[in-house]
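Residue strings, one per chain:
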Amino acid sequence: MMEAKVQEFLKTLQAAVSQLNLYPAHHPNSETALRRGWKATTELAAQDDDVVIGLKGYAFFLNGELLAYTSLTYANLYQDLSDREIEAITLAGETDRTDYANLVEFAAGHTDDLPGGGSIRLNESRLVDGDDDSAFADLRFSYSGVVGTLRTLDHRIAREGSFEMAPVMQAVEELIDQSLDASGAALLLSTVKSHDEYTFYHSVNTCLMAVATGQYLGLTQKDLIPIGAGAMLHDIGKVAVSPKTLNHPGRLDREQWKEITIHPQEGAQAIMAAGGPGHEVAATIALEHHARFDGLGYPRLGPDGHPHLASRLVAVSDVYDAVTTRRSYRRAETPHRALQILLQGAGGAFDPDIVRAFISMMGIFPPGSVLRLLSGELVVISHHQSDSPDLHGFLVRTAAGEDVEPEPVAVPEHQVGQQVLAESVGIEPAALLERAGVAEQVLASSLPKVDEGAIERSGVDEEALKDQAARSLSSIVDRD
Amino acid sequence: MTVPPTRAADPVDVFDAIGIGWGVYELYPNPINQQAFLSAVERLSVLHDSSITFEVGAASISCGGEELPIVRGGTERLSLRLFVHEIEWLEIITAPTVQEMKDFYDLLAVDETEARQGGGIGAALEAGGVGSILVTQRGLLSEVLEKPWEEREGESEADAGDGGTRASRVARMIAGGASATEVAESIVGEAGGDTSEIAESFCDAFRMIYPDAEPGAALDDSVPELLNAYRHAPRTRPPVDTFAETFFLLPVESQSRVLSNFLSHREEGLHSLLLDQFGGAELAELTPHLDAETFEELVAYARHVVDSATGTADELLPMVSAARDVKLARQSAADRIREMIEGIGGLGGATGGLAGQLRTEIAATDELGRRLVRLLFNIEDRPDRFTRLVDSWCSRISGEVRAGNLDEAIVLLRIATESAELSPTKRRAVDQGLVELVRNDYAVFNDAAHDPEHREALGVLLGGFGEPAADHLMQRLSVEEDLATRRVLIDLLVIVGSSHPDPIVRFFTADEWYVVRNAVAIAGRIGGEHWVPRLRPLVDHSDHRVVIETLRALTPIAPDEAIRDLVASLAHENPRVRESAVLLLRASDSPAREAALIAALTDRSMDPARQEIAELLHELGTPTAVSTLADIAKKPFLVSATRRDARRVARVVLGRAA
C-alpha cells in the first residue's frame, strides 16, 4: 500500500516538474499538476512518522527499503532528481502546499534554493544503508533507460512528427548488452507490466523476449540490435492513434478500427524517416508485426506477401506479452494460455518454427508463471536449468496463504496444481529479482540450448490447430 | 441419431442471435452488462414454447437438413468453436436466460481438451443447472464420461475395493473423476437431506483428498492410494475443482456450514485452497445465511485476501477475485501444453536453420529497404502520409546518388515510377516529389553528372524522373542568373531531355531569347533527327543568337538538311549569323554542300553572300566546284545581273588563287 502511495507521489511529482518546464507556474496546467502532486504528497505523508524517500544507486528507497517497481518505473525522475543532487526527500507530517511547490520548483531547476525546515525537506535524512548493488541493478537500469527513451521518443514524435534513431539504437544496444549476459533475468524482467504506460513497457518486454529468442537461436549481438530496435519500436505508430481509441473498453467501430490498423504503417514511416543503420529491419518489423504468417492480418502485404522473418520473430513475443497483460478491453491471460494461443496460431498467424523456438526457450511454465502446487503453496517460476527436469522458482506464499521471504524451490511438474494469474493473487514476479539471493541465482541461469530432438511429432491435428487460430486469435490480439 | 423436430422459430435468426452473443462474449470481460448481449438473448425468447436443434458440421451449421447461411463473423467463429468442441447437436429446448447463455459460452470458451476431461459440455451444462440448452458431443472421452462414475471407478487403479466411510466414498468418487452433479447427489442422498451431515461429508472428503488440510487427522487407508492414483492420472482434473462446483450444488444451509467450517480453519493446512476458488460475488450471495461469527470470519478472510486492514464486507468482497479469473487456467497445464508442443513438432522445419536465414535476411538491407518502400507505396492511401513517404523515398534516392550507388538509386526510383498499381493521385504525388528532389538536390546530380562512370546511369535515373522533373529544370534554367549553375542545369537537362523532349520544346517559344537559345543548345546536345522539324523554324527567329544556336544544333543532327539553312544563312542580315554559317559550312562534310553552294552562287536571293559562296566553293576544291567557278568566270557575255555578279566573284576568287 505504501509503495503505491510513493508511486503516486513520484508520478505526480514527475508530471508537475514536466508541466513547470512547459508552462508558467500560474498556468492552469501547472496549477492542476501541483494540486494533484500536493494531494498525493499529503496522502503519503499521513503517517505517524516521517516518510523518507531515498535515492541511491539508481534506486528509490522508502524508509531504507528498496522500492523495486518504483525504481524501475521512475528511472527518468530518478535521473532528474539526482541531477539536482537530491538524495533524500523527507515528508515531515502534514504537508504544506507552498513547500510542495518549492520542491517542484527546485526539482525543475527553476531555483537553486534548497528547501529546508518546512514540511518537505531535502537531503536531511538518509535512511539508506547501501546502494542497490544487486547483480540485477544494471539490467533494471537499462530497462528503465529504454522506457525513458521511448517516452521521450513518443513526446518528440507527437510534437515534431519525427525522431532520431541514434539514441534508440544506443538504448537498445545497452539493453541487449545487459540481457545477453543475463538472459534468464531478462525473461523474468519482461513480466513487468504497466497499465498507465502499457505501450512503452510492452515494447521493452517484447524487445527483451525477441532478443532472447534470437539469442536462443544463435544470433550474435550484431544481428540482434536491429531486431531489438524493431521490437522496441514496433508500436511507435500508436502515437498517431488517439488514447481514447487505444483504450476503448468495448468493440471498436469501423472508424476506430481503421485508426488502429494504421499504426503499423505509421510506425514504419516514422522509422524510415529517421533512417540510420538498421532502420530497414526496424521499419519492416513495425510495418509487419500484425501481418500474419499466412498472409492475413494487417496490413495486407499483397498476394505473395509474407512477413519478413524478423517480423515473424517479433510478432510471437509481441503477442505473448500482449496476451499476458490486462487491457481495458480484455483480461490478462496466464503465460500457459498465451503459449496455447501461440501454438494454436502456429502456421496461421505465426511462423511455426519461431513459435516452436519461443516455447522451447520459455518452457512449459515460462519465467514469471505463478503456480499453485497441489499442496497449496504458490511458487513463481524464475528460470530454467537445462540440466534439471524440475521447475525452478521461488516459494512466495504458503498453503495457508501466508507470504514468505522467497525461498528457492525445484518443483517436479506433477506437483503443479494450477497456474494462476499473478495479478489476481497480488504477486509481481519481476519484483523477485530485487530480493537478496534471487537475482544471483537467476543471473547464473542461462537459456537452454536448442534441442531439435526435444520436440517430436505426436499426431496432433495440425489443421484443427490452424482452424482454431484463424477463427479465435483475431479477437484476442489484433488490437494490441 | 435422428434430428429432433424443429418448430416455429427461424433457425437462421436463432443461430445469428447465438452467434452475436458469442461475439460479444469474446470481446467483453462482462458480457452480461452489454446491451448487444442482452438483445441477442432477447431474440432467443421466440423459443419460449418451442425448441430448435442445430447440427454442427466441419464448416457448416444445419437445421432440419438445411444448411444455414453464415453471415457474420460471430456466427462463423461460433460454428467453429462448436465444431472444435466436437459438438454434434446443439439443442435449445426453451428460451435461455442471460445467465444460462453466459454459462454456455463460459463452457465453450474452455479449452476443448479440458472441457472433455471435465465430462463434456453437456454434463457441465447439466451440472450448472442450465436446462434450456442441450449438447451432444462426439468423441470417445465424452462417451466414457457419460458412464456412471461407479463404472469408471471400477476401471480405475484408484478403486479401493471397499465401501469405506461416507466421506471416503465421496473422496473416491472425486478422485475417480465423478462430476460435481454426481458427487452432490451422492452426498445429499447418503445424508438423507440432513444439511449438517451433508456439510460434514463434504468437509471430511476434502480433508481426505487434501490430508494437509487438517494436520494429524486420521485418514482412511484407501485415500493415499487414491490420491496417488489421481496425481498420476493426467486426464483427471484437480479435485478442488470438483469440490468447488459440488459446493454450489449443495443446499444453501449446507453451503453456509461448509463455509463456516473452512473459514474457521482457514489458516490451517489447505483450507484456503477451497476458499480461494470462490469469487467475492459468490461469497456475498451466502452472507444472508451466515451467522454473525462466520460473517466476521468471512470479512477477516476478505481483508486478508485483498490486503486491507479496514473495509466492510460490501467494500471488500467485490475485490476478492481469485477463482473465476483463473477458471480457464485450471487443470494440469503441463499436460496440455506438452501435448501441443509435441503437436507443433510437425508444423515446421528445424529451428537450427533459422539463425542463418535471419542473419542473411537482415544483412540484405538494400533489398529490405526496397521491399519496405514497395509495400508502403501500395499500402499507404492517406494523401499527407503518402507525401511524407515520397519525401522519405526521395531522400533515399538522393542518398544513394550521393554515395555513388546510382544503380541502387535507379532500382529505388523504379519501385514507384514503374509500379502499375499506383493510382493517378499517388502518381502525381510521386512526380511532385521528384520535382522537389531535383529542385533541392540538383547539385548532387550535377556531381554525379561530372563523373564519366556515372553518366549513363544518371541518364537512366534522371530519365526516370519524368516530364515534370524536366519541366522544372527548364523553368529553373530560365530564371537562373549564375552562369555556373546554368551550365549544371543544362548538363542535367541534356540527360533528362533525351527521354522527355517536350518540356524543352515548350521553351522554343519562350519570350526571352536566351531561354530559347538554351533550349536549342540542349536539343543540339541531346541530338536525334526528331529534333529537326522542331528546330528548323527557329532558323527564322528574330534574335540572331537563337539563329546561330539553331544552326549549330542542326548541323550535327541533320548535316544534309542543315546545308540548305546554312547556305541561306550566308545571306542573313546579321553578320554574326553569316559568320557562323560560313564556319559551319566549312566544317561540314555533307555531300549536299557542293550542290547547295553551286545553286546559291547564281541565286538572286543570295546577292549579299555571293563572295562568301564563291570563296566556299573554291575552298571546297572539288572538280565540280572548281569547274563551276571556272566556267562562270570564262563566260564572255551574261544578260543576268546576278550571273554577272557571280562571274565577278568567281574571277576574283580564281585570280587570287592564281
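As the structure is a computational prediction, the values presented were derived from the model and not from experiment.

1. Description of the overall build of chain A
When you go through chain A residue by residue, the secondary structure sums to 20 helices and 10 strands. Here chain A holds 480 residues, and 60% of them are scored as buried. Taking all contacts inside chain A whose residues are at least 6 apart in sequence as the whole, residues at least 24 apart take part in 69%. Total accessible area on chain A stands at roughly 17900 Å², and carbon and sulfur atoms take up 47% of it.

2. Description of the side chain of Asp235(A)
Note that Asp235(A) resides in the loop between α10 (221-233) and α11 (243-246). Within the local environment of Asp235(A), its side chain forms a polar contact with the side chain of His263(A), the two groups lying 3.2 Å apart.

3. Points about a negative patch on the surface
Residues and elements named next belong to chain A. Together, Glu173, Glu174, Asp177 and Asp181 line one region of the surface with negative charge. Secondary-structure assignment places Glu173 in helix α7 (residues 165-180). A residue is classified by how much of its surface remains accessible, and Glu173, at 34% relative accessible area, is partly exposed.

4. Observations regarding the packing of α7(A) against α10(A)
Residues and elements named next belong to chain A. Following both chains from N to C, one finds α7 and α10 inclined at 115°, their axes separated by 9 Å at the closest point. For the pair α7 and α10, the crossing hand works out as right-handed. Residue-level inspection shows Met165, Val168, Met169, Val172, Glu173, Ile176, Asp177 and Leu180 of α7 in contact with α10, the latter providing Gln221, Leu224, Ile225, Gly228, Ala229, Met232 and Leu233. Residue classes in the contact of α7 with α10 are distributed as 11 nonpolar, two polar and two charged.

5. Quick notes on the environment of Arg476(B)
All names here are of chain B. Examined against the element boundaries, Arg476 turns out to sit in helix α26 (residues 467-479). Sequence-wise, Arg476 and Arg486 are 10 residues apart; in three dimensions their C-alpha atoms are separated by 8.7 Å. For Arg476, the residues in contact, after removing those within four places along its chain, are Arg439, Tyr442 and Leu489.

6. A few points about α7(A)
Along an α-helix, residues three or four apart share an orientation, since each turn contains 3.6 residues. Residue and element names in this part refer to chain A. Taking 1.5 Å of rise per residue, the 16 residues of α7 would be expected to cover 22 Å, and the 22 Å separating its terminal C-alpha atoms lies within 8% of that figure. For α7, the set of buried residues is Met165, Val168, Met169, Ala171, Val172, Leu175, Ile176 and Ser179. Along the axis of α7, the buried residues cluster in a sector spanning 165°; they form a single face. The elements touched by buried residues of α7 are α6 (137-160), α8 (183-189), α9 (198-217), α10, α13 (263-274) and α14 (279-288).

7. Let's talk about the sheet that holds strand β8 (residues 391-397) of chain A
Residue and element names in this part refer to chain A. On the basis of which strands lie adjacent, the open sheet formed by five strands has the order β9-β8-β7-β6-β10 and antiparallel pairing. Whereas interior strands pair on both sides, the edge strands pair on one side only; in this sheet they are β9 (403-411) and β10 (416-420). When the angles between neighbouring strand axes are averaged without regard to direction, this sheet yields 35°. Relative to β9, β8 runs antiparallel, the two being bridged by six bridges. Residue pairing in the sheet places Gly393 in a bridge with Val409 of β9.

8. Details of the confidence of the model for chain B
Residue and element names in this part refer to chain B. Of the residues in chain B, 81% reach a pLDDT of 70 or more, and the chain-wide mean stands at 78. Contacts for the low-pLDDT stretch residues 212-236, under 50 throughout, to residues beyond four places or in other chains number 44 contacts. Overall, residues 321-337 carries pLDDT values under 50, and its contacts beyond four positions in sequence, including any with other chains, amount to 63 contacts.

9. Examining helix α2 (residues 28-45) of chain A
Residues and elements named next belong to chain A. Between its terminal C-alpha atoms α2 stretches 25 Å, which fits the 26 Å expected from 18 residues at 1.5 Å a residue. Taken together, the buried positions of α2 are Ser30, Ala33, Leu34, Gly37, Ala40, Thr41, Leu44 and Ala45. Viewed end-on, α2 has its buried residues packed into an arc of 130°, placing them on one side of the element. Facing away from the buried side of α2, by more than 90 degrees, are the exposed residues Pro28, Arg36 and Lys39. Packing partners of the buried residues in α2 comprise α1 (2-22), β1 (51-56), β4 (88-91), α5 (97-107) and β5 (120-122).

10. Digging into unusual backbone geometry
Of note, the bond from Tyr298(A) into Pro299(A) is cis; its omega dihedral lies within 30 degrees of zero at -10°. As for its placement among the helices and strands, Pro299(A) is situated in the loop between α14 and α15 (309-323).

11. What about the nonpolar core?
With 196 residues, the main nonpolar core has Phe377(B), Trp393(B), Phe465(B) and Leu570(B) as its most contacted residues. Per element, the largest residue contribution to this core is 11 residues, and it comes from α9(A). Aside from chain neighbours lying at most four places away, what touches Leu570(B) is Arg578(B), Ala581(B), Val582(B), Leu585(B), Leu597(B), Met606(B), Ala609(B), Ile613(B) and Leu616(B). Among the nonpolar cores identified, the runner-up in size contains 40 residues, and Tyr28(B), Ile61(B), Leu82(B) and Ala109(B) belong to it.

12. Points about the pairing of strand β2 (residues 59-62) of chain A
A regular strand carries its side chains on alternate faces of the sheet. All names here are of chain A. Taking every second residue as pointing to the same face, both faces of β2 are buried, with Ala59 and Phe61 on one and Phe60 and Leu62 on the other. Note that β2 and strand β3 (residues 65-67) share three bridges and pair antiparallel. Each residue of the ladder has a partner; that of Leu62, found in β3, is Glu65.

13. Comments concerning the sheet that holds β4(A)
Residue and element names in this part refer to chain A. What the five strands build is an open sheet, ordered β3-β2-β1-β4-β5; its pairing is antiparallel. Here the strands that pair on one side only, and so sit at the sheet edges, are β3 and β5. Across the sheet, the mean angle from the axis of one strand to that of its neighbour is 25°, orientation sign disregarded. Of the strand pairs in this sheet, β4 and β5 are connected by three bridges, and their pairing is antiparallel. Each residue of the ladder has a partner; that of Thr90, found in β5, is Arg121.

Conventions used here
- Residues numbered from 1 in each chain as written.
- Chains lettered and ligands numbered in written order.
- Predicted model: local features only at pLDDT ≥ 70, side-chain atom pairs only at ≥ 80, totals over all residues.
- Heavy atoms only, no water.
- Helix = DSSP H or I, 4+ residues; strand = E, 2+ residues; numbered from the N terminus.
- Buried < 20%, exposed > 50% of the residue type's maximum accessible area, 1.4 Å probe, protein only.
- Contact = heavy atoms within 4.5 Å.
- Areas by Shrake-Rupley, 256 points an atom, 1.4 Å probe, with all protein chains shown as cover.
- Polar contact = N/O pair within 3.5 Å; in protein donor to acceptor, adjacent residues only side chain to side chain.
- Patch = residues over 30% accessible without salt bridge, like charges linked within 9 Å, V, L, I, M, F, W, Y side chains within 5 Å.
- Salt bridge = Lys/Arg side-chain N within 4 Å of Asp/Glu carboxyl O.
- Lys, Arg positive; Asp, Glu negative; His and termini not counted.
- Charge placed at Lys NZ, Arg CZ, Asp CG, Glu CD.
- Axes fitted to C-alpha atoms, helices over the stretch in contact; angles between N-to-C directions.
- Left-handed = near helix turned anticlockwise from the far one by under 90°.
- Nonpolar A, V, L, I, M, F, W, Y, C, P; charged D, E, K, R; others polar.
- Expected span 1.5 Å × (residues − 1).
- Arc of directions from axis to C-beta.
- Pairing = 2+ DSSP bridges.
- pLDDT = per-residue confidence, 0-100.
- Core = buried A, V, L, I, M, F, W, Y, C linked by side-chain atoms within 4.5 Å.

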